[in-house]
Amino acid sequence: MANKYTKFKQHLPGLDKSNKGVTLGELLAGSLVSLVIINLGFMGFSWSRQMYLQDQQASDVNQTLRSVFEIVGTDIKQAGEGFAEDPNFPSIVVSQDDDDNSEIRIRRSLLTSSLPVCGQVAVGTSDAVTVVDDTGSVAGCDVIDDDNNGWPDVLETWRDYRTSNGATIRAFIYNGFGTGEFFDYNGEETFDTGNSTVTPSPGIVASASISASGHTWQNTYEANGSSRIYLIEERRYRLNDDNELELIIDDEQTSRVVGNLESFEIITHVQQDLSVNSSATYTCTVIPPNNGDCDSNLPNPYVWSQIRFVEIKSEVSISDTPYSSSVETEKSERVFPRNILNY
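Residues numbered from 1 in each chain as written. Predicted model: local features only at pLDDT ≥ 70, side-chain atom pairs only at ≥ 80, totals over all residues. Heavy atoms only, no water.

Peer 1: Go over the overall build of the protein chain with me, naming the residues and quoting the values.
Peer 2: A count of helices and strands for the protein chain gives three helices and 16 strands. A total of 343 residues make up the protein chain; the buried ones form 42% of that total. About 19,300 Å² of surface is accessible on the protein chain, with carbon and sulfur atoms providing 48% of the total. (Helix = DSSP H or I, 4+ residues; strand = E, 2+ residues; numbered from the N terminus. Buried < 20%, exposed > 50% of the residue type's maximum accessible area, 1.4 Å probe, protein only. Areas by Shrake-Rupley, 256 points an atom, 1.4 Å probe, with all protein chains shown as cover.)

Okay, here's the thing in structure tokens:
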């Protein structure tokens, strides 16, 4: 009698047959498919890595350029602070080196008050500078002592600033027409009507001067109401020999700002005719400009208040790689010196 295993046992003999091996053709076909899959995977990985490195390099370039624009641009916006009384003051000075890289000097006043030159300062001398003269011969030189302590008010402000910032500080004398120089200001003297030195007391001081620490004057400064003395901060940016943008403050403090730069350019856009019907703008690579420093010669004398905007242009140096050619390494940004609105 058939049991429940009879039907199953009919198929058991088939299990005893030897298994067939893989043919050479099948092996080659499988190997080829595997190779294609591996190559596709490697190509995908290589492409992804290349895109990542390209994006990373582009990000580094943009970050470097953004740092240049933010740091230099912020200072350019502050240029001319405190010089509202003088649109001729060289608040921005730009020069170029042999590689056409720019150096920009950005100046702002540390005090809201300036001192007038009340007696001629002659080139080649080392004389003190008269800054108060009650004879009335030069406008703005009168003794004004509102707090009645004997000190002319503006000179007292300068004295207090000097003594609170060290015995000697740097000052800038300027002729009102674009020419000036720095000197070390280290003291004050006050005189009576007979030109004798006196200690300040109410109603005694008739004139006063500041000492220049033996500085030899490089120019002549007339007592004509245009020549003045300022306490200023000067921030200078330039590209050094190591392709680093460096900041120099008052020719004393030097610090590295941004590295790995190929170029650093400052292009100043000047507009002299502000009438409604005029839009003529000149691009200048040197400020104050001489003939040849602008795309065409300026028709009128230059003053800093004619700047419409300053263009910062820089290029980042990157290593030569297969994907570096697709990274934009040069960009520019326009900055407006906001203190020009005071004029």
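On we go from here.
Peer 1: Please set out the side chain of D75 residue by residue, giving values where relevant.
Peer 2: Structurally, D75 can be placed in helix 2 (residues 24-78). Filtering out sequence-adjacent residues up to four positions away, D75 remains in contact with I106, R235 and Y237. (Contact = heavy atoms within 4.5 Å.)

Peer 1: I'd like to hear about the state of the cysteines, residue by residue, with values.
Peer 2: Taken as a whole, this structure holds two disulfides when the rule is applied. Here C118 engages in a disulfide with C141; their sulfurs sit 2.0 Å apart. With the S-S bond torsion at -100 degrees, the cross-link from C118 to C141 turns out left-handed. Placement of the pair is C118 in the loop between strand 3 (115-116) and strand 4 (129-133) and C141 in the loop between strand 4 and helix 3 (153-164), with a sequence separation of 23 residues. Of the two residues, C118 and C141, both sit in the buried class. Between the sulfur of C284 and that of C294 lies a disulfide, 2.0 Å long from S to S. Because the torsion about its S-S bond is 100 degrees, the bridge between C284 and C294 counts as right-handed. Of this pair, C284 sits in strand 14 (residues 282-284) while C294 sits in the loop between strand 14 and strand 15 (307-316), and the two are ten residues apart along the sequence. Here C284 and C294 have matching classes, each one buried. In the protein chain, numbering the disulfide-bonded cysteines from first to last in sequence yields the connectivity 1-2, 3-4. (Disulfide = S-S within 2.5 Å.)

Peer 1: Describe in detail the nonpolar core, supporting the description with residues and values.
Peer 2: Of all hydrophobic cores here, the largest spans 35 residues; its most connected members are V68, I76, I92, I104, F264 and I312. Looking at this core, the elements with two or more residues in it are helix 2, strand 1 (92-96), strand 2 (102-109), strand 10 (232-239), strand 11 (245-249), strand 13 (261-270), strand 14 and strand 15. A per-element tally of this core places helix 2 first, with six residues. For V68, the residues in contact, after removing those within four places along its chain, are G73, L245, V258, L261, F264, I312 and S314. (Core = buried A, V, L, I, M, F, W, Y, C linked by side-chain atoms within 4.5 Å.)

Peer 1: Got a sec to walk through the side chain of E233? Specific residues and values, please.
Peer 2: Relative to the helices and strands, E233 resides in strand 10. On the accessibility criterion, E233 (14% relative accessible area) is buried. When residues no more than four places from it in sequence are discounted, the contact partners of E233 are I106, R107, R108, L110, I249 and D250.

Peer 1: Which residues make up the environment of D184, and what values do they have?
Peer 2: Mapping D184 onto the fold places it in strand 6 (residues 180-185). Distance from D184 to S211, taken between C-alpha atoms, is 8.3 Å for residues 27 residues apart in sequence. Residues within four places of D184 in sequence aside, it is in contact with T168, I169, R170, S211, A212 and S213.

Peer 1: Quick one: what's the story with a negative patch on the surface, residue by residue and with numbers?
Peer 2: Judged by side-chain charge, D97, D98, D99 and D100 come together as a negatively charged surface patch. Tracing the sequence through the fold places D99 in the loop between strand 1 and strand 2. Overall, D99 belongs to the exposed group, its relative accessible area being 63%. (Patch = residues over 30% accessible without salt bridge, like charges linked within 9 Å, V, L, I, M, F, W, Y side chains within 5 Å. Salt bridge = Lys/Arg side-chain N within 4 Å of Asp/Glu carboxyl O. Lys, Arg positive; Asp, Glu negative; His and termini not counted. Charge placed at Lys NZ, Arg CZ, Asp CG, Glu CD.)

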